[in-house]
Amino acid sequence: MAYHRYYQRLIAIRIISEGHSIAEAARIIGKSYQTVHRWAKTCETEGLEGLKPSFGGGRPSKLTYDQLIELDKIIEKTPNMSMKDVHHLVNKKFNVDYSLKQIGKNCEKIRIQLQ
């Protein structure tokens, strides 16, 4: 499952449940009003289970969700890491070889998940 997409949907629903409008929730998470409105309606009819994406989209990640979280924690504790440093870390710690471009995408994905 695409955890970051599910997590983003949960955040939107929480924002709405705290009394914010759908428009505010959409602005905060950077999605369209229509998308967040659809998530809210789905949650109303199907509960939180209905928010789980049915298709993760694309090739599965070489790193698990837990590994991405662990990587994020390491990056937070180590200021001024370059993409090359992260690339080397992922290769050594998780035995996974990504291109520098993919390392950048994974770092971006981590930030989207945890904001």
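Residues numbered from 1 in each chain as written. Predicted model: local features only at pLDDT ≥ 70, side-chain atom pairs only at ≥ 80, totals over all residues. Heavy atoms only, no water.

**Quick word on the confidence of the model for the protein**
Right, on to step 1. Mean pLDDT over the protein: 85, with 90% of residues reaching 70 or higher.
Right, on to step 2. Of all secondary-structure elements in the protein, the lowest mean pLDDT belongs to helix H6 (residues 100–114), at 73, while helix H2 (residues 22–29) reaches the highest, 95. (pLDDT = per-residue confidence, 0-100. Helix = DSSP H or I, 4+ residues; strand = E, 2+ residues; numbered from the N terminus.)

**Topic: the pattern of salt bridges**
Right, on to step 1. By the definition in use, this model includes four salt bridges.
Right, on to step 2. Between Arg14 and Glu18 there is a salt bridge; the shortest N-O distance is 3.0 Å. Each member of the pair, Arg14 as well as Glu18, is classed as exposed.
Right, on to step 3. Glu70 is paired through a salt bridge with Lys93; the nearest N and O atoms lie 3.2 Å apart. Of the two residues, Glu70 sits in helix H4 (residues 65–77) while Lys93 sits in helix H5 (residues 83–94), which places them 23 residues apart along the sequence.
Right, on to step 4. The exposure class of Glu70 is partly exposed, given its relative accessible area of 33%. (Salt bridge = Lys/Arg side-chain N within 4 Å of Asp/Glu carboxyl O. Buried < 20%, exposed > 50% of the residue type's maximum accessible area, 1.4 Å probe, protein only.)

**Details of H5**
Right, on to step 1. In this model H5 runs 16 Å from its N-terminal to its C-terminal C-alpha over 12 residues, within 8% of the 16 Å that 1.5 Å per residue would give.
Right, on to step 2. Every buried residue belonging to H5 is among Val86, Leu89, Val90 and Phe94, and all of these are buried. Buried residues of H5 fall within an arc of 100° about the axis and therefore sit on the same side. What points out from H5, more than 90 degrees from its buried face, is the exposed set Lys84 and Lys92. (Expected span 1.5 Å × (residues − 1). Arc of directions from axis to C-beta.)

**With respect to unusual backbone geometry**
Right, on to step 1. Even without being glycine, Asn80 reaches a positive phi, approximately 65°.
Right, on to step 2. Within the secondary structure, Asn80 sits in the loop between H4 and H5.
Right, on to step 3. Phi is positive for Asn95, which is not a glycine, with a value near 55°.
Right, on to step 4. Relative to the helices and strands, Asn95 is located in the loop between H5 and H6.

**Some remarks on the environment of Ile74**
Right, on to step 1. Along the chain, the position of Ile74 falls in helix H4.
Right, on to step 2. Taking the C-alpha atoms as reference points, Ile74 and Val86, 12 residues apart in sequence, are found 9.4 Å from one another.
Right, on to step 3. Non-local contacts of Ile74, meaning those with residues more than four positions away in its chain, are made with Leu89 and Lys93. (Contact = heavy atoms within 4.5 Å.)

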